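Listed below, chain by chain, are the residues.
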Amino acid sequence: MPSAPLRRPGGPLAPAAVALAFWVTMAGTTVPTPLYPLYQRAFGFSTFTVTVVFAVYALGVVAGLLTLGRLSDRIGRRPVVLAALLLAAAAATLFELADSLPWLLAARVLSGLGAALVTGAATAALLDLAPPERRLRAQTVALAANMGGLAGGTLLAGALAEWADAPLRLPWTVTLVLTGAALLGLLAVPETVPAEVRRAGRTGGSSRGARARFRVPHVPPAIRPAFLRAALTGGAGFAVTGVLTAVSGLFLATVLGLHNHALTGLVVALAFLSTAVGQLLVRVLPPARALPLACAGLVLAAALVAGALLGGTLPPLLLGACVNGLATGTAIGTGLGTVNGGVEPHRRGEAVSAFFAVLFTMLSVPVIGVGVLVRATGLRTAGVTFSAAVAVLALAVAAGLVRRPGLGASPVPVPVTTAKAEPAPAAPAGQA
């Protein structure tokens, strides 16, 4: 008599509940995007301050990656996802009550920490809950929840700010309601980390406890050149996405005369959705061509964004956001393929953390630089200068690939989410 098939933990609602928690947490990180011009007017701060408010989110993500990136492997998936949702709720509450700049800064840091926690824990939970033959689908669900949340948050806030009352309050009320629904959904999610592993993590066993500890991630020397090229390319695309997120509303209002918050949300949503598509493209692109194509895409995107700034027209900006997203996603997928194919399983988690630490550092620092340039030279000059810098970096990476073509190849292209990679067998977390 044939044996019964192995059952995975949890019922059919468990993966949906994890995906909802993932989506809601990531959506909360982009709700402020179309609201920045409103905050700027309400609190009277400069464009430079807007870029700082945006950038502290990325710094929160990096801090979370370097201290908490593998926490769900030690204490379990559910408590870490729960913590991420509570951080998201706290951030939304601070935003809703905000009456000055410090409230916004504190809320953004909490958002970053929540994103750093949820991406690895939720991605690992979805993989844990899926049977082996459906792990690729589970990765796709994680990618959809991550990027769909990033796109959905900015679309939701933009629509509410444009067509409803209380634009600085209502989006956060809706976010809190969604977060509450996600918290209830966790009741349907079983813990997938074995009890003995969690006991060891809590009592300081082999994993040295569940304390947050700073750890510089290690990247094996053999893959460092390919790792660096992919990280620089993906980071350049992240930088463009960051600038679009921080100042799209300002550009639409001051250059195009379009005071439409929903349109601001759409510009940024297109960038995030295209990034998801770019990661999926890595599955079908020849590994040796993926990174060169990403570099070419970044150059084209930079030219389109610069053209939009110089010509004062919207279509190049929309197209540039899409092309930049495709290029960024392709670079991210290539870099994660390099890690998954060239790092021992027990070191894979920290190598992925290093990859995303580079990406999010490049997301935050250039955005602040653009803010300084905007204050010194104006939006058009700052934007064109920044676009030129991105194009130069992409061309430099491409030149390196021409000199040493093997360094652009990704042995095992694996599209994942913007915060962490496919889990290693011994430490199935990923994050960002």
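Residues numbered from 1 in each chain as written. Predicted model: local features only at pLDDT ≥ 70, side-chain atom pairs only at ≥ 80, totals over all residues. Heavy atoms only, no water.

As a further point, take the side chain of T330. Examined against the element boundaries, T330 turns out to sit in helix α13 (residues 315-342). Within the local environment of T330, its side chain forms a polar contact with the backbone oxygen of L326, the two atoms lying 2.8 Å apart. Setting aside chain neighbours within four positions, we find T330 in contact with G278, Q279, L281, V282, L285, A290 and A294. (Helix = DSSP H or I, 4+ residues; strand = E, 2+ residues; numbered from the N terminus. Polar contact = N/O pair within 3.5 Å; in protein donor to acceptor, adjacent residues only side chain to side chain. Contact = heavy atoms within 4.5 Å.)

On the surface, a nonpolar cluster with roughly 310 Å² of combined accessible area is contributed by V277, L281, V284 and L326. Position of V277 among the secondary structure elements: in helix α11 (residues 261-281). With relative accessibility at 41%, the residue V277 sits in the partly exposed group. (Patch = residues over 30% accessible without salt bridge, like charges linked within 9 Å, V, L, I, M, F, W, Y side chains within 5 Å. Areas by Shrake-Rupley, 256 points an atom, 1.4 Å probe, with all protein chains shown as cover. Salt bridge = Lys/Arg side-chain N within 4 Å of Asp/Glu carboxyl O. Buried < 20%, exposed > 50% of the residue type's maximum accessible area, 1.4 Å probe, protein only.)

On to the confidence of the model for the protein chain. Scored by pLDDT, the protein chain has a mean of 83; 83% of the residues are at 70 or more. Ranking the elements of the protein chain by mean pLDDT puts helix α9 (residues 195-203) last, at 64, and helix α8 (residues 170-185) first, at 97. Segment residues 205-209: pLDDT under 50, and eight contacts once partners within four positions in sequence are set aside and those in other chains are kept. pLDDT under 50 marks residues 407-432. Its contacts with residues more than four places away, or in other chains, come to 130 contacts. (pLDDT = per-residue confidence, 0-100.)

Let us look at the packing of helix α1 (residues 13-30) against helix α5 (residues 77-97). For the pair α1 and α5, interaxial distance at closest approach is 9 Å and the crossing angle is 35°. Of the two possible hands of crossing, α1 and α5 adopt the one that is left-handed. Side by side, α1 and α5 meet where A21, V24 and T25 of the first sit next to V81, A84, L85 and A88 of the second. Grouping the amino acids of the contact of α1 with α5 by side-chain chemistry returns six nonpolar, one polar and no charged. (Axes fitted to C-alpha atoms, helices over the stretch in contact; angles between N-to-C directions. Left-handed = near helix turned anticlockwise from the far one by under 90°. Nonpolar A, V, L, I, M, F, W, Y, C, P; charged D, E, K, R; others polar.)

Right, let's get into the nonpolar core. Grouped together as the largest cluster of nonpolar side chains are 117 residues, with contacts concentrated most on F251, F355, F356 and F360. Ranked by the residues each element gives to this core, the list is headed by helix α10 (residues 224-254), at 14 residues. (Core = buried A, V, L, I, M, F, W, Y, C linked by side-chain atoms within 4.5 Å.)

The way to describe two aromatic rings as a pair is by their centre distance and the angle between their planes. Taken as a whole, this structure holds seven aromatic pairs when the rule is applied. Ring plane angle 40° and centroid distance 6.2 Å describe the contact between Y39 and F95, whose orientation is recorded as tilted. Of this pair, Y39 sits in helix α2 (residues 36-43) while F95 sits in helix α5, and the two are 56 residues apart along the sequence. Of the two residues, Y39 and F95, neither departs from the other in class, the shared state being buried. Between F238 and F360, the aromatic rings sit 5.3 Å apart at their centres with planes inclined by 85°, giving edge-to-face as the arrangement. (Phe/Tyr/Trp six-rings, centres within 6.5 Å; stacked < 30°, edge-to-face > 60°.)

Over its 28 residues, α13 extends 41 Å from the first C-alpha to the last, a length consistent with the 40 Å expected when each residue adds 1.5 Å. By the criterion of burial, α13 is predominantly enclosed, with 20 of the 28 residues buried. (Expected span 1.5 Å × (residues − 1).)

Note on placement: A91 falls in helix α5. Ignoring any residue separated from it by four or fewer positions in sequence, one finds A91 in contact with A107, L110 and S111.

Let us look at unusual backbone geometry. Of note in this structure, A166 is not a glycine but carries a positive phi near 50°. Locating A166 in the fold gives a position in the loop between α7 (135-163) and α8.

Note that side chains of opposite charge can pair when their charged atoms are close. According to the stated counting rule, one finds one salt bridge in the structure shown. One salt bridge connects D128 with R77, and the closest N-O pair in it is separated by 2.9 Å. With D128 in helix α6 (residues 101-129) and R77 in helix α5, this residue pair connects regions lying 51 residues apart in the sequence.

Below, the discussion takes up α11. Taking 1.5 Å per residue as the helical rise, α11 with its 21 residues ought to reach 30 Å, and the 31 Å between its terminal C-alpha atoms agrees with that figure. Most of α11 is tucked away, with 15 of its 21 residues classed as buried. Between the side-chain oxygen at the start of α11 and the backbone nitrogen of A262 there is a gap of 2.9 Å, and the oxygen is on N260.

Now for the packing of α10 against α11. One way to put it is that α10 packs onto α11 with a least axis distance of 9 Å and a crossing angle of 160°. Comparing their axes, α11 and α10 come out roughly antiparallel. Two packed elements cross with a definite hand, and for α10 against α11 that hand is right-handed. On the side of α10, the interface is formed by T241, L244, T245, S248, G249 and L252, while α11 contributes L263, T264, V267, V268, A271 and F272. Class assignment of the residues belonging to the contact of α10 with α11 gives a composition of seven nonpolar, five polar and no charged. (Parallel < 35°, antiparallel > 145°, perpendicular 65-115°, else oblique.)

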